[in-house]
Amino acid sequence: MTKITETNNNFSNSNRRTFIRNSAISMAGIALLRSKVFAMAAEMGLKDLYKDDFLVGTAIGSRTLMQPDSEMLDLIVREFNQVTSENAMKWASIHPKENEWKFEEPDKLVEFAGKNKMAVQGHVLVWHSQVPRDIFTGPDGNQASKELLLKRMETHIQTVVDRYKGRVNSWDVVNEAITPEDGFRKSKWLEICGPEYLEKAFYLAHEADPKCELIYNDYNEEDPKRRDFIVELVKEYKKKGVPIHGIGLQGHLNLESPDLKLWEQAIEAYASVGMKISITELEVDVLPYDWSRSAEISSNAAYRETLNPYKDGLPKEIDDKLTKRYEDIFKILLKHRDVVDRVTFWGASDDLSWKNNFPMRGRTNYPLLFDRQHKPKNAYFAVAGLKK
Ligand code: GLA
């Protein structure tokens, strides 16, 4: 009896010791695991939730990157795995004069992205806006010749694309060159070179970095006339072997427009001619605006007030609409995840959005997923919720 008891006791003691040792390990392990899980949850951003679907990115402005705003940069690293420079890679910024180049900010962006394993969108090589006007002027002060302008374009594209070769994953090669009214936009580029400047830009970018994805980017591409023109152009380019790989839909959307059915049809139409889709500049403007009354804005203070109705906060009803709008947008994007490569917001938080100053200066807009305190909004949780 005694022996047995002793034996039992011995066994018990040894078991207890092992148990205590193991439990100590497992209790500590569990505590560690718990804290890891919490830390991971805190570190999880949209990029993680959407990792099997598409890249989720944001544009970064100079203030954020160059000051730098480390709180905002941390938020960006947590939430996004792709970045676009809001302005610094545009021709007027990076190449303001014939022999002057400004690489400091773009270099910093590419370095930041590299360090944080983020993809970079180059924005933009050829555009009618934010380009120094003197590129269209010849040495005699008259309009530049076609040869001269194309030569300038060649130098620009070769220099910029080559500098970031292998570090910029895709380039917006041409921006906003097509309108529903005219087909090719009546820009200086078109006037001097004819439509061939577009395809030449694609060839040059491809030569400079053959592995880079090359995109045609524009706004309101759900407009059937613009859409059909782009589709025909892509077909022609594919026949000729012009290296175009994707269509960028800027995605400057409003609460009510465009009709998302049309938006989805545009995605399908571009995909049907072999194009990958990037949403390149997404946001949802919640403020009223009437283009036909723009002239009144400077003279009519009362009217101006009506265009800025949410100075003191967004009413719940409008926030609900915004949330639903974002949810609907992301449902469409998820449905087409096989062709959608990337979704980039045009900024991260409401306070930093260009939409506070466009199309009218000094308004309080709420177009993004993070509020003015940089906290996630209901729209954020709706977008995240689609993946939980
Ligand atoms: C266009 C351009 C962007 C940016 C926005 C407004 O969509 O492509 O680079 O300038 O307008 O900020």
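This one's a predicted model, so the numbers in the text were calculated from it and none came from an experiment.

Criteria and cut-off values
- Residues numbered from 1 in each chain as written.
- Predicted model: local features only at pLDDT ≥ 70, side-chain atom pairs only at ≥ 80, totals over all residues.
- Heavy atoms only, no water.
- Helix = DSSP H or I, 4+ residues; strand = E, 2+ residues; numbered from the N terminus.
- Buried < 20%, exposed > 50% of the residue type's maximum accessible area, 1.4 Å probe, protein only.
- Contact = heavy atoms within 4.5 Å.
- Areas by Shrake-Rupley, 256 points an atom, 1.4 Å probe, with all protein chains shown as cover.
- Near = heavy atom within 4 Å.
- Polar contact = N/O pair within 3.5 Å; in protein donor to acceptor, adjacent residues only side chain to side chain.
- Nonpolar A, V, L, I, M, F, W, Y, C, P; charged D, E, K, R; others polar.
- Expected span 1.5 Å × (residues − 1).
- pLDDT = per-residue confidence, 0-100.
- Phe/Tyr/Trp six-rings, centres within 6.5 Å; stacked < 30°, edge-to-face > 60°.
- Lys NZ or Arg CZ within 6 Å of the ring centre and 35° of its normal.
- Axes fitted to C-alpha atoms, helices over the stretch in contact; angles between N-to-C directions.
- Parallel < 35°, antiparallel > 145°, perpendicular 65-115°, else oblique.
- Arc of directions from axis to C-beta.
- Left-handed = near helix turned anticlockwise from the far one by under 90°.
- Salt bridge = Lys/Arg side-chain N within 4 Å of Asp/Glu carboxyl O.

**With respect to the overall build of the protein**
- Helices and strands together make up the secondary structure of the protein, namely 14 helices and eleven strands.
- Counting every position in the protein, which comprises 388 residues, the buried fraction comes to 50%.
- Nonlocal contacts in the protein, meaning residues at least 24 apart in sequence, comprise 77% of its contacts between residues at least 6 apart.
- Entry remark: accessible area of the protein is about 19,100 Å², with carbon and sulfur atoms responsible for 53%.

**Structural notes on the site of the ligand**
- Around the ligand sit Lys90, His123, Trp127, Gln130, Asn175, Glu176, Gln250, His252, Glu281, Trp346 and Trp354, and those are all the residues in its vicinity.
- One nitrogen or oxygen atom from the side chain of Gln250 is found 2.9 Å from an oxygen atom belonging to the ligand.
- In isolation the ligand has 300 Å² of accessible area, and contact with the protein removes 88% of it.
- The class makeup of the residues in the shell around the ligand is three nonpolar, five polar and three charged.

**So, helix α9 (residues 196–208)**
- With 13 residues, α9 should cover 18 Å at 1.5 Å per step; its first-to-last C-alpha distance of 18 Å lies within 8% of that length.
- Of the residues making up α9, those classed as buried are Tyr197, Leu198, Glu199, Ala201, Phe202, Leu204, Ala205 and Ala208.

**Some points on the side chain of Asn356**
- Along the chain, the position of Asn356 falls in the loop between β11 (340–345) and α14 (378–385).
- For Asn356, a relative accessible area of 7% corresponds to the buried category.
- There is a polar contact of 2.8 Å between the side chain of Asn356 and the backbone oxygen of Asp350.
- Within the local environment of Asn356, its side chain forms a polar contact with the side chain of Arg372, the two groups lying 2.9 Å apart.
- Not counting the four nearest positions on each side in its chain, Asn356 is found in contact with Asp350, Asp351, Arg361, Gly362, Arg363, Thr364, Asn365 and Arg372.

**What about the environment of Pro180?**
- Inspection of the secondary structure assignment puts Pro180 in the loop between β5 (178–179) and β6 (183–184).
- Judged by its relative accessible area of 19%, Pro180 falls in the buried class.
- Considered as a pair, Pro180 and Glu221 are 41 residues apart in the sequence and their alpha carbons are 9.1 Å apart.
- With residues up to four places along the chain from it excluded, the contact list for Pro180 reads Asp223, Lys225 and Arg226.

**Let's talk about the confidence of the model for the protein**
- Predicted confidence across the protein gives a mean pLDDT of 92, with 89% of residues reaching 70 or more.
- When the criterion is pLDDT under 50, residues 1–25 qualifies, and its contacts beyond four places in sequence or with other chains add up to five contacts.

**Notes on the packing of aromatic side chains**
- Under the defined criterion, the tally for this structure stands at 17 aromatic pairs.
- On the numbers, 6.2 Å between centres and 55° between planes, the contact of Phe80 with Phe345 is tilted. Here Phe345 lies in strand β11 and Phe80 lies in the loop between α4 (70–79) and β2 (82–85), a separation of 265 residues in the sequence. Both residues of the pair, Phe80 and Phe345, count as buried.
- Ring plane angle 90° and centroid distance 5.0 Å describe the contact between Phe184 and Phe229, whose orientation is recorded as edge-to-face. In this pair, Phe184 is assigned in strand β6 and Phe229 in helix α10 (residues 224–240), connecting sequence segments 45 residues apart.
- Each member of the aromatic cluster is reached from another via a ring pair, and the members are Tyr50, Phe54, Phe80, Tyr326, Phe330 and Phe345.
- In this structure, Lys387 is placed above the aromatic ring of Tyr50, and the distance from its NZ or CZ to the ring centre is 5.9 Å.

**A look at the packing of α10 against helix α11 (residues 260–272)**
- Relative orientation of the contacting elements α10 and α11 amounts to 10°, with a least axis distance of 10 Å. Here α10 is positioned roughly parallel relative to α11, judged by the angle of their axes. Counted together, Pro224, Arg227, Ile230 and Val231 of α10 and Leu262, Gln265, Ala266, Ala269 and Tyr270 of α11 form the full contact between these two elements.
- In the contact of α10 with α11, the residues fall into seven nonpolar, one polar and one charged.

**Brief notes about helix α6 (residues 104–115)**
- In a regular helix each residue adds 1.5 Å, so twelve residues correspond to 16 Å; α6 covers 16 Å between its end C-alpha atoms and thus fits that length.
- For α6, the set of buried residues is Glu105, Pro106, Leu109, Val110, Phe112 and Ala113. Projection of α6 onto a plane perpendicular to its axis shows the buried side chains occupying an angular sector of 160°, all on one side. In α6, the exposed positions that point more than 90 degrees away from the buried face belong to Glu104, Glu111, Gly114 and Lys115.
- Turning to α6, the residues buried within the fold contact β1 (55–60), α3 (62–66), α4, β2, α5 (91–94) and β3 (119–126).
- Lys117 occupies a position one or two residues after α6 and carries a positive phi of about 55°.

**Re the packing of α11 against helix α13 (residues 316–335)**
- Contact geometry of α11 with α13 gives a least axis separation of 11 Å together with a crossing angle of 25°. With respect to α13, the element α11 is oriented roughly parallel. Relative to α13, α11 is oriented so that their crossing is right-handed. Contacts between α11 and α13 pair Leu260, Trp263, Glu264 and Ile267 from the former with Arg325, Asp328, Ile329, Ile332, Leu333 and Lys335 from the latter.
- Its residues placed into classes, the contact of α11 with α13 shows six nonpolar, no polar and four charged.

**Points about the pattern of salt bridges**
- Tallying each qualifying case throughout the model produces 27 salt bridges.
- Of the charged contacts in the structure, one is a salt bridge between Lys97 and Glu100, with a shortest N-O distance of 3.6 Å.
- With a shortest N-O distance of 2.8 Å, Glu196 and Lys146 are connected by a salt bridge. Here Glu196 is found in helix α9, whereas its partner Lys146 is found in helix α7 (residues 146–163), with 50 residues between them in sequence.
- Judged by relative accessible area, Glu196 falls into the partly exposed class, the value being 36%.
- A relative accessible area of 28% means that Lys146 is categorised as partly exposed.
- Through salt bridges with shared partners, one network takes in Asp53, Arg337 and Lys387.

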